[in-house]
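Topology and contacts: notes
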Amino acid sequence: MTSVPGAAQLFDELDKKLMVYLRDGRTLIGYLRSVDQFANLVLHRTIERIHVGNRYGDIDRGVFVIRGENVVLLGEIDDTKEEGDTLEKVSIEEILEAQRVEQERRQEQEQLRARFMKERGLQYTAEIGPDDMY
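A brief report on the enclosed structure follows.

About the criteria used
Every chain begins its residue count from 1, and numbering advances along the sequence as written. The predicted nature of this model means local features are confined to residues of pLDDT at least 70 and side-chain atom pairs, given and counted, to a pLDDT of 80 or more, with totals for whole chains, interfaces and linings taken over all residues. For the side-chain quantities, the full set of heavy atoms in the structure was used; hydrogens and water were omitted. A run of DSSP states H or I qualifies as a helix once it reaches four residues; a run of E qualifies as a strand once it reaches two. Both are numbered from the N-terminal end. Here's how the labels work: a residue is buried when its accessible area is under 20% of the maximum for its type, exposed when over 50%, partly exposed in between, all with a 1.4 Å probe on protein chains only. We call two residues in contact when some of their heavy atoms are within 4.5 Å. In these tables, accessible area is a Shrake-Rupley quantity obtained with a 1.4 Å probe, and a residue counts as shielded only by the protein chains included in the view. Expected helix span is computed as 1.5 Å times (number of residues minus one). Think of a nonpolar core as a cluster: buried Ala, Val, Leu, Ile, Met, Phe, Trp, Tyr and Cys residues, connected wherever their side-chain atoms sit within 4.5 Å. Two N or O atoms form a polar contact when they lie within 3.5 Å of each other; inside protein one atom must be a possible hydrogen donor and the other a possible acceptor, and for residues adjacent in sequence the pair counts only when both atoms belong to side chains. Pairing between strands is defined by DSSP: at least two bridges between them are needed. Axis definition: a line fitted to C-alpha atoms, limited for helices to the stretch in contact. Angles are taken between N-to-C directions and run from 0 to 180 degrees.

Notes on the overall build of the chain
- Looking only at helices and strands, one finds 2 helices and 6 strands in the chain.
- Walking the chain from its N terminus toward its C terminus, one meets helices and strands in the order β-β-β-β-β-α-β-α.
- Scored against the burial criterion, the 134 residues of the chain give a buried share of 24%.
- Considering only residue pairs separated by 6 or more positions, the chain has 48% of its internal contacts joining residues 24 or more positions apart.
- Surface accessibility of the chain: about 9,500 Å² in total, with carbon and sulfur atoms responsible for 50%.

Put into C-alpha cells, the structure is as follows:
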C-alpha cells in the first residue's frame, strides 16, 4: 500500500493489537476495529492498564470508542515482547489502591511546594497536569 498522510495511515493498523495513550493519562490496549477521517478509533477487547512504579493492573473495558483529538500516542503491541516484561502484574484492587496512594502523595508534595514558595514571597503555579499538556 502507498503511504498516505494523516488518519488514512491508520487503516493499515486495522485488526491489530494497539496501545493508545490518551490526553488524560490513561493507557488503553485493544484491537483496532474501525477508524474514520478524524482519527476516531473503535477498540475491541479493550483493557485499561494502570502503572504505579514497577507494578501494573488491567481493567477490562470491552468496546471502547475514542475521539481522535484525545489520542496522544498510538502503537502496535508486539506480544512476544510483552511476555518478557519485567513489571509485576497485580489485582485491580491492589493497583487502584496504589494509584490512590500515589495521587495523595503527589498532592501533599504540591501543597508543601506551594507553602514553601508562599513563605518566601514567591507566587506558585502548580505543575502542568495531563489535561493541560496538549
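Considering helix α2 (residues 92-119)
- Here α2 contains 28 residues, and its C-alpha end-to-end distance of 41 Å stays within 8% of the 40 Å for a straight helix at 1.5 Å per residue.
- Note on α2: the residue one or two positions beyond its end, Gly 121, has a positive phi of about 75°.

Digging into the nonpolar core
- Counting residues in hydrophobic clusters, the biggest one holds 11 residues: Leu 10, Leu 18, Val 20, Leu 22, Leu 28, Leu 32, Val 35, Leu 41, Leu 43, Phe 64 and Ile 66.
- Sorting the residues of this core by element identifies β1 (17-22), β2 (27-35), β3 (41-52) and β4 (55-66) as the ones contributing at least two each.
- Each residue touching Leu 10, except ones within four places of it in the same chain, is listed here: Leu 32, Val 35, Ala 39, Leu 41 and Leu 74.
- One finds Val 52, Val 90, Ile 95 and Ala 98 within the second-largest nonpolar core, a separate group that totals 6 residues.

Quick notes on the side chain of Glu 48
- Mapped onto the elements, Glu 48 comes out in strand β3.
- One polar contact links Glu 48 to Arg 61, side chain to side chain, over a distance of 2.7 Å.
- In this structure, Glu 48 is in contact with Arg 26, Thr 27, Leu 28, Gly 57, Asp 58, Ile 59 and Arg 61, ignoring residues within four places of it in sequence.

Quick look at the sheet that holds β2
- In spatial order, the strands read β5-β1-β2-β3-β4-β6; together these 6 strands make up an open sheet with mixed pairing. The open sheet has two edge strands with one neighbour each: β5 (71-76) and β6 (88-89).
- Across the sheet, α2 is in contact with β3 and β4; its angle to β4 comes to roughly 100°.

Concerning the environment of Leu 10
- One can find Leu 10 in the segment before β1.
- The sequence separation of Leu 10 and Ser 34 amounts to 24 residues, and the corresponding C-alpha distance is 9.1 Å.

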